[in-house]
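# Notes for the structure review
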Amino acid sequence: MNADIIAELTWRGLVFQSTDEANLGKWLAGGQRTVYAGFDPTADSLHVGSLLPLLMLRRFQRAGHRVIALVGGATGMIGDPSGKSAERNLLSSEHLHENVAGIERQMRLFLNFEGDNPAIVANNLDWMGKFSFLSFLRDVGKNFPVNVMMAKDSIRSRLEGESGISYTEFSYMLLQAYDFVHLNRQHQCELQIGGSDQWGNITAGIDLARRMGCSQLFGLTNPLLTKSDGTKMGKTESGAIWVSANRTSPYQFYQYWINTTDDDVSKCLRFLTDLSEQEVQQLDEARTAAAHEKASQHRLAEEVTRLVHSEEGLARAKKASSVLFGGEIENATDIELSDIFSDVPSCKVPATSLGGDGMSVLDVFVTAGLAKSKGEARRTIEQGGGYINNHRIEDVNYMVTRADLASETTIVLRSGRKKYALLKIV
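Here, residues in each chain are numbered from 1, in the same order as that chain's written sequence. In keeping with the predicted nature of the model, local features appear solely for residues at pLDDT of at least 70, side-chain atom pairs appear and are counted solely at 80 or more, and the whole-chain, interface and lining totals rest on all residues. Think of the side-chain values as coming from all heavy atoms in the structure, minus any hydrogens and water.

### Some thoughts on the packing of helix 13 (residues 262-272) against helix 15 (residues 295-323)
- Here the axes come from fitting lines to C-alpha atoms, over the contacting stretch only for helices, and the angles between their N-to-C directions go from 0 to 180 degrees. The way it works is that DSSP assigns letters per residue, a run of H or I at least four long becomes a helix, a run of E at least two long becomes a strand, and they are numbered from the N terminus. As a packed pair, helix 13 and helix 15 sit with axes 10 Å apart at the nearest point and diverge in direction by 35°. In this structure, the crossing between helix 13 and helix 15 has a hand that is left-handed. On helix 15, the residues touching D262, V265, C268, L269 and L272 of helix 13 are S296, Q297, L300, V304 and L307. Left-handed is the label given to a crossing in which the near helix is rotated counterclockwise from the far helix by less than a right angle, and right-handed is the label when the rotation is clockwise. Whether two residues are in contact is decided by their heavy atoms, any of which lying within 4.5 Å being enough.

### Re the pairing of strand 14 (residues 410-415)
- Where burial is concerned, most of strand 14 is hidden: six out of the six residues are buried.
- Each residue is assigned to one of three classes by its accessible area relative to the maximum for its type, calculated with a 1.4 Å probe on protein chains only: buried under 20%, partly exposed between the two thresholds, exposed over 50%. Of the two faces of strand 14, the one holding T410, V412 and R414 and the one holding I411, L413 and S415 are both buried throughout.
- Two elements, strand 11 (residues 386-388) and strand 14, share three bridges in a ladder whose sense is antiparallel. Looking at the pairing, Y387 lines up with R414 of strand 14.
- In this structure, strand 14 lies alongside strand 15 (residues 419-425), joined through six bridges in antiparallel fashion. Its bridge partner lying in strand 15, S415 is registered against K419.
- Here a strand pair is declared whenever DSSP counts at least two bridges between the two strands. In this antiparallel pair of consecutive strands, strand 14 and strand 15, the connection spans three residues, and G416 shows a positive phi of 75°.

### Observations concerning the nonpolar core
- Judged by nonpolar contacts, the single largest core of 59 residues is most densely connected at L57, F60, L191, I193, W257 and L272.
- At eight residues, helix 3 (residues 48-62) tops the list of elements feeding residues into this core.
- Leave out the neighbours within four places in its chain, and I193 touches V35, Y36, A37, P53, M56, L57, F60, I202 and L220. For the purposes of this section, nonpolar cores are sets of buried Ala, Val, Leu, Ile, Met, Phe, Trp, Tyr and Cys residues that join through side-chain atoms within 4.5 Å.

### Considerations on the sheet that holds strand 9 (residues 346-349)
- Strand order in the open sheet made by the five strands is 9-15-14-11-12, with mixed pairing throughout. Each edge of the open sheet carries a strand with a single partner, namely strand 9 and strand 12 (391-392).
- Sheet topology note: the strand 9/strand 15 ladder contains four bridges and is parallel. Following the sheet pairing, V349 is matched in strand 15 by I425.

### Considering the confidence of the model for the protein
- Confidence scores here are pLDDT values: one per residue, from the predictor, ranging 0 to 100. On average, residues of the protein carry a pLDDT of 89, and 95% of them reach 70 or more.
- For the protein, per-element mean pLDDT is lowest for helix 8 (residues 153-160), which scores 73, and highest for strand 6 (residues 218-222), which scores 97.

### Description of helix 11 (residues 199-211)
- Residue count minus one, scaled by 1.5 Å, sets the expected span of a helix. The first and last C-alpha atoms of helix 11 sit 19 Å apart over 13 residues, in line with the 18 Å expected at 1.5 Å per residue.
- Counting buried positions along helix 11 yields ten of 13 residues, so the element is predominantly enclosed.
- Contact partners of the buried residues in helix 11: helix 7 (146-150), helix 10 (172-187), strand 5 (191-195) and strand 6.
- The first or second residue beyond helix 11 is G213, which carries a positive phi of 85°.

### So, the side chain of T410
- Inspection of the secondary structure assignment puts T410 in strand 14.
- At 3.5 Å, the side chain of T410 and the side chain of T409 are in polar contact.
- Setting aside residues up to four positions removed in sequence, T410 forms contacts with D334, L337, L405, L422, L423 and K424. Any pair of nitrogen or oxygen atoms within 3.5 Å is treated as a polar contact; in protein, a donor-acceptor pairing is required on top of that, and neighbouring residues in sequence qualify only through side-chain atoms on both sides.

### Overview of the pattern of salt bridges
- Salt bridge, as used here: a side-chain nitrogen of Lys or Arg that lies within 4 Å of a carboxyl oxygen of Asp or Glu. Scanning all chains against the criterion turns up 15 salt bridges.
- E8 is the partner of R12 in a salt bridge, and the nearest nitrogen-oxygen pair spans 2.8 Å.
- Look at R12 and you get buried, because its relative accessible area is 2%.
- With a closest N to O distance of 2.7 Å, R306 and E311 form a salt bridge.
- Since its relative accessible area comes to 27%, R306 is described here as partly exposed.
- Overlapping salt bridges bring together E279, R299, E303, R306 and E311 as one network.

### Remarks on the pairing of strand 4 (residues 120-123)
- Side chains of strand 4 alternate between two faces, with I120 and A122 and V121 and N123 buried alike.
- In terms of strand pairing, strand 3 (residues 66-71) meets strand 4 through four bridges, oriented parallel. Bridging from a neighbouring strand, L70 pairs with A122 of strand 4.

### Focus on the sheet that holds strand 4
- Spatially, six strands are ordered 1-6-5-2-3-4 in an open sheet, and the strand pairing comes out mixed. Looking at strand neighbours, the two that pair on one side only are strand 1 (17-18) and strand 4, the edges of this open sheet.
- Two strands pair when backbone bridges link them, and strand 2 (residues 34-39) and strand 3 are joined in this way by six bridges, in the parallel orientation. Paired with F39 across the bridge in strand 3 is V71.
- Its contacts with the sheet place helix 2 (residues 21-29) against strand 1, strand 5 and strand 6, and it is angled at close to 100° to strand 6.
- The strands touched by helix 11 are strand 1, strand 5 and strand 6; relative to strand 6, the strand with the most contacts, the crossing angle is about 175°.

### Some words on unusual backbone geometry
- Backbone geometry places S310, a non-glycine residue, at a positive phi of 75°.
- Here S310 shows up in helix 15.
- We note that N389 has phi near 55°; this positive angle belongs to a residue other than glycine.
- Mapped onto the secondary structure, N389 falls in the loop between strand 11 and strand 12.

### Quick word on a nonpolar patch on the surface
- Patches in this entry comprise residues that are over 30% relatively accessible and not in a salt bridge; like charges within 9 Å are linked, as are nonpolar side chains (Val, Leu, Ile, Met, Phe, Trp, Tyr) within 5 Å. Note on areas: these come from Shrake-Rupley sampling with a 1.4 Å probe, and a residue is covered only by the protein chains present in the view. A surface patch of nonpolar side chains, amounting to about 460 Å² of accessible area, comprises F133, L134, L137 and Y167.
- Here the nonpolar patch gets three residues from one element, more than from any other, and that element is helix 6 (residues 133-139).
- With a relative accessible area of 33%, L137 lands in the partly exposed category.

In structure tokens form, the structure reads like this:
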């Protein structure tokens with residue numbers, strides 16, 4: 001067991017707030033403790049922001065502590081008002097069930113469910129679903145003073161805003177607070193962790209547990225995953241960066257971290273990887289000396305992509321990335337090529353155009369917009385600047401056929417070093 005998990009979290013910058021700061025480290029060092037973090041199923045996948053508390057659980061488990069990953073099948077029906085300026089749209093039961101199943105599968109990728117200290121996945125619908133409205137008010141609600149709830153920033157900010165807050169979302173804090181009570185009674189869980197936006201909910205759970213006769217409980221939050229400008233990390237123009245490969249491909253995931261700024265990369269290395277303090281410091285020094293080499297970004301992209309998508313996913317992502325620098329294109333799919341060349345112009349031709357003898361490479365380059373005329377296309381090829389699927393074209397009389405497809409329907413064309421176009425058959 002790592003006797004000083006707090007020291008590990010501290011050098012990584014992962015301790016934002018904690019209850020009983022003076023004694024928490026000593027208490028954790030005193031033996032195996034049970035720790036939980038909750039995840040509401042607002043989608044069928046975690047995004048990179050919600051990945052952070054899951055990795056916190058992973059660190060606690062590796063330090064020898066017992067961990068519980070809680071999926072909010074009940075709280076997800078309501079939605080957490082924390083950090084929201086308006087009411088959430090409620091999910092259907094069917095949609096919620098699908099989301100719970102998806103997140104549970106992902107949790108099993110990061111936590112160890114074998115051996116002497118297996119992780120636990122719990123769903124708060126299993127106990128909340130057994131309450132009637134009246135029994136919950138009598139047994140739990142009577143122990144929760146409204147003034148405690150009103151004092152929390154997440155509630156006060158909504159009450160003071162234009163949209164206000166419904167009784168449904170107002171009740172969310174009580175439901176999450178009771179989770180801590182239940183897990184303490186059922187599993188002797190004594191520490192809840194989460195993002196800094198969960199501080200109000202965590203302390204509400206500790207207060208409720210005290211009023212309902214539980215032993216002393218603890219809370220610990222990590223900073224939110226934000227960029228140096230204060231905006232949330234994991235957002236792009238096309239949407240969120242997801243853990244699921246069906247939502248964000250390994251290539252897109254890898255490229256997101258490759259493009260991390262110098263101002264943000266050191267924090268990401270500490271938050272999201274298992275690299276040692278010495279390794280992170282060495283990368284920081286290398287970045288100061290030769291930022292253009294992007295050694296920190298490449299290491300970050302490799303470590304996080306391997307963690308989320310395995311060695312196989314990392315290999316595919318790196319292979320796809322090499323395509324943009326002239327790497328060989330083979331055994332690709334339309335989806336992969338669309339990811340790699342999302343900003344590249346494309347044109348469509350009938351499948352019959354590539355049948356029989358095919359289509360002249362000169363016509364192909366003109367059709368794809370890589371040359372204004374056949375004469376320009378000819379000069380490009382004669383000068384060694386014409387490529388099909390990153391293979392140089394040696395013959396100006398070459399005929400392009402279906403045999404040149406790099407994927408189901410796509411041929412990748414290139415003029416010079418960086419000017420690409422896609423030819424798609426329909």
